[in-house]
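# Per-entry structural report
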Amino acid sequence: MSSKIDLTLSEDNTTVQMTLPGQGDEPTVEVPLSLDEVTSLITVLGRLRQ
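The following refers to the structure shown. (Residues numbered from 1 in each chain as written. Predicted model: local features only at pLDDT ≥ 70, side-chain atom pairs only at ≥ 80, totals over all residues. Heavy atoms only, no water.)

## Comments concerning the overall build of the protein chain
A count of helical and extended segments in the protein chain gives one helix and three strands. Reading the protein chain from its N terminus to its C terminus gives the helix and strand order β-β-β-α. Here the C-alpha radius of gyration of the protein chain, 13 Å, is well above what a compact globule of 50 residues would show, namely 10 Å. For the protein chain, the spread of C-alpha atoms along the three principal axes comes to 35 × 30 × 10 Å. Relative to its 50 residues, the protein chain shows a buried fraction of 8%. Contacts spanning at least 24 positions in sequence make up 2% of the contacts within the protein chain whose residues lie at least 6 apart. On the protein chain, roughly 4,400 Å² of surface is accessible, and the fraction owed to carbon and sulfur atoms is 55%. (Helix = DSSP H or I, 4+ residues; strand = E, 2+ residues; numbered from the N terminus. Rg over C-alpha atoms; globule rule 2.2 N^0.38 Å. Buried < 20%, exposed > 50% of the residue type's maximum accessible area, 1.4 Å probe, protein only. Contact = heavy atoms within 4.5 Å. Areas by Shrake-Rupley, 256 points an atom, 1.4 Å probe, with all protein chains shown as cover.)

As structure tokens, this is what we get:
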């Protein structure tokens, strides 16, 4: 199983666009994130990894 998550920083460096590709017939999902939300996501993923 492979997954490609694309993260794009806005030109003004204030937001990140996270793009999750759909599998099969599922649509691509785009999630706008503030920089604080990115930090929270990294924290949560780190905890899950432990």
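## Here's the deal with a nonpolar patch on the surface
A surface patch of nonpolar side chains, amounting to about 370 Å² of accessible area, comprises Leu41, Val44, Leu45 and Leu48. Mapped onto the fold, Leu45 is located in helix H1 (residues 35–49). Judged by its relative accessible area of 48%, Leu45 is partly exposed. (Patch = residues over 30% accessible without salt bridge, like charges linked within 9 Å, V, L, I, M, F, W, Y side chains within 5 Å. Salt bridge = Lys/Arg side-chain N within 4 Å of Asp/Glu carboxyl O.)

## Describing the pairing of strand E1 (residues 6–9)
Two elements, E1 and strand E2 (residues 15–20), share four bridges in a ladder whose sense is antiparallel. Bridge pairing in E2 places Leu9 opposite Val16. Taking the residues between adjacent antiparallel strands as the criterion, E1 and E2 are bridged by five residues, where Asn13 takes a positive phi near 60°. (Pairing = 2+ DSSP bridges.)

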